[in-house]
Amino acid sequence: KARRKDRLSDSLLRAVALQKECGGVLHDAANDDIFILEQESALKEFLAGGFYEKAKKVIEFIISAYRRNSFLPYSVNCKGEVLENAPHANSLLPSVAAICANEYLKKTNDSDFIAYNLKAIAKITMAQCDELICSHMPFCGKEKVFYGALPMIAIEYGSLLSDIAFIESGKALLSLSDSL
């Protein structure tokens, strides 16, 4: 248990050190890349460490990045601007908003903040519905199609990883709505 506690502390210290004024947590100290998918793990570290205001800033940053771009980009800078050469979309990204907000609400009971932002969180989450292909979320790029195991055409029929994120974000959104 002591080893796990040390890793948690190291992860928390890293997240604290890499969070910018805008609320986003940098990928590393060497550049200004803020990867949207990494915000969920940073938020969980903040919540575990009792840094609730820092966790709130992560959610505000995710919402701000969505509002600036009308979608959640893969990576942005502190202004929420899409980084050059960054992929523009990923089917996993919209799931981050509701999942982070639900984790935050469970830990803090800050229903005023969630109620104020619920419409934006719902809009981000529901944007995933536009991505459905044959009732599945599209291939997200995080999975591999192994040579011989699955034909390349398999990526046209959805993504288990994206489907799970879509379902979990829907459950998180329902949980948020029920909690208010």
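Structural data are supplied above this passage.
Residues numbered from 1 in each chain as written. Predicted model: local features only at pLDDT ≥ 70, side-chain atom pairs only at ≥ 80, totals over all residues. Heavy atoms only, no water.

A.B. asks: Sorry if this is basic, but what is going on with the side chain of D110 here?
C.D. replies: Along the chain, D110 falls in the loop between α4 (95-108) and α5 (111-126). On the basis of relative accessibility, which here comes to 19%, the residue D110 falls in the buried class. At a separation of 3.4 Å, a polar atom in the side chain of D110 contacts the side chain of K56. One polar contact links the side chain of D110 to the main-chain amide nitrogen of F113, over a distance of 3.2 Å. (Helix = DSSP H or I, 4+ residues; strand = E, 2+ residues; numbered from the N terminus. Buried < 20%, exposed > 50% of the residue type's maximum accessible area, 1.4 Å probe, protein only. Polar contact = N/O pair within 3.5 Å; in protein donor to acceptor, adjacent residues only side chain to side chain.)

A.B. asks: I tried to follow the packing of helix α2 (residues 38-49) against α4 on my own but got confused; where do I start?
C.D. replies: For any two helices packed against each other, one specifies the crossing angle of their axes together with the interaxial distance. Orientation of α2 relative to α4, taken along the N-to-C sense of each, is 5 degrees, at an axis distance of 10 Å. As summarised for this structure, α2 and α4 are arranged roughly parallel, according to the angle between their axes. Together, Q39, E40, L43, K44 and L47 of α2 and V96, I99, C100, E103, Y104, K107 and T108 of α4 make up the contact between the two elements. Considering only residue class, the contact of α2 with α4 consists of six nonpolar, two polar and four charged. (Axes fitted to C-alpha atoms, helices over the stretch in contact; angles between N-to-C directions. Parallel < 35°, antiparallel > 145°, perpendicular 65-115°, else oblique. Contact = heavy atoms within 4.5 Å. Nonpolar A, V, L, I, M, F, W, Y, C, P; charged D, E, K, R; others polar.)

A.B. asks: How do you make sense of the packing of helix α3 (residues 52-69) against α4 when you look at a structure like this?
C.D. replies: The N-to-C vectors of α3 and α4 enclose an angle of 155 degrees; their axes lie 10 Å apart at closest approach. Comparing their axes, α4 and α3 come out roughly antiparallel. Every pair of crossing elements has a handedness; the one defined by α3 and α4 is left-handed. The residues of α4 that touch α3, namely those facing Y52, A55, K56, I59 and I62, are V96, A97, C100, A101, Y104, K107 and T108. Taken together, the residues of the contact of α3 with α4 sort by class into nine nonpolar, one polar and two charged. (Left-handed = near helix turned anticlockwise from the far one by under 90°.)

A.B. asks: I keep staring at the environment of L18 and nothing clicks. Help me out?
C.D. replies: Within the secondary structure, L18 is located in helix α1 (residues 2-18). Between the alpha carbons of L18 and D32 there is a distance of 9.8 Å; along the sequence they are 14 residues apart. Look past the residues within four positions of L18 in its chain and what remains in contact with it is G24, V25, L26, H27, D28 and A29.

A.B. asks: Is there a simple way to think about the packing of aromatic side chains in this case?
C.D. replies: In this description, a pair of aromatic rings is defined by centroid distance and the angle of the planes. Within this structure, the stated rule accounts for one aromatic pair. A ring pair is formed by Y104 and F113, whose centres lie 5.4 Å apart and whose planes are at 70 degrees; its orientation type is edge-to-face. We note that Y104, like F113, is buried. (Phe/Tyr/Trp six-rings, centres within 6.5 Å; stacked < 30°, edge-to-face > 60°.)

A.B. asks: What am I meant to see in the nonpolar core here?
C.D. replies: Buried together is how nonpolar side chains tend to be arranged in soluble globular proteins. Counting residues in hydrophobic clusters, the biggest one holds 39 residues, and the most contacted among them are F46, L72 and I121. Contributing elements (two or more residues each) for this core: α1, α2, α3, α4, α5 and α6 (160-179). Beyond its immediate chain neighbours, meaning those up to four positions away, I121 contacts I63, A97, A98, A101, L173 and L176. (Core = buried A, V, L, I, M, F, W, Y, C linked by side-chain atoms within 4.5 Å.)

A.B. asks: What exactly am I supposed to notice about the environment of H27 here?
C.D. replies: The residue H27 is located in the loop between α1 and β1 (34-35) in this model. The exposure class assigned to H27 is partly exposed, which follows from its relative accessible area of 27%. Distance from H27 to E38, taken between C-alpha atoms, is 7.5 Å for residues eleven residues apart in sequence. Contacts of H27, omitting those with residues within four sequence positions, involve R14, L18, D33, F35 and E38. Looking at H27, its side chain comes within polar contact range of the side chain of E38, at 2.8 Å.

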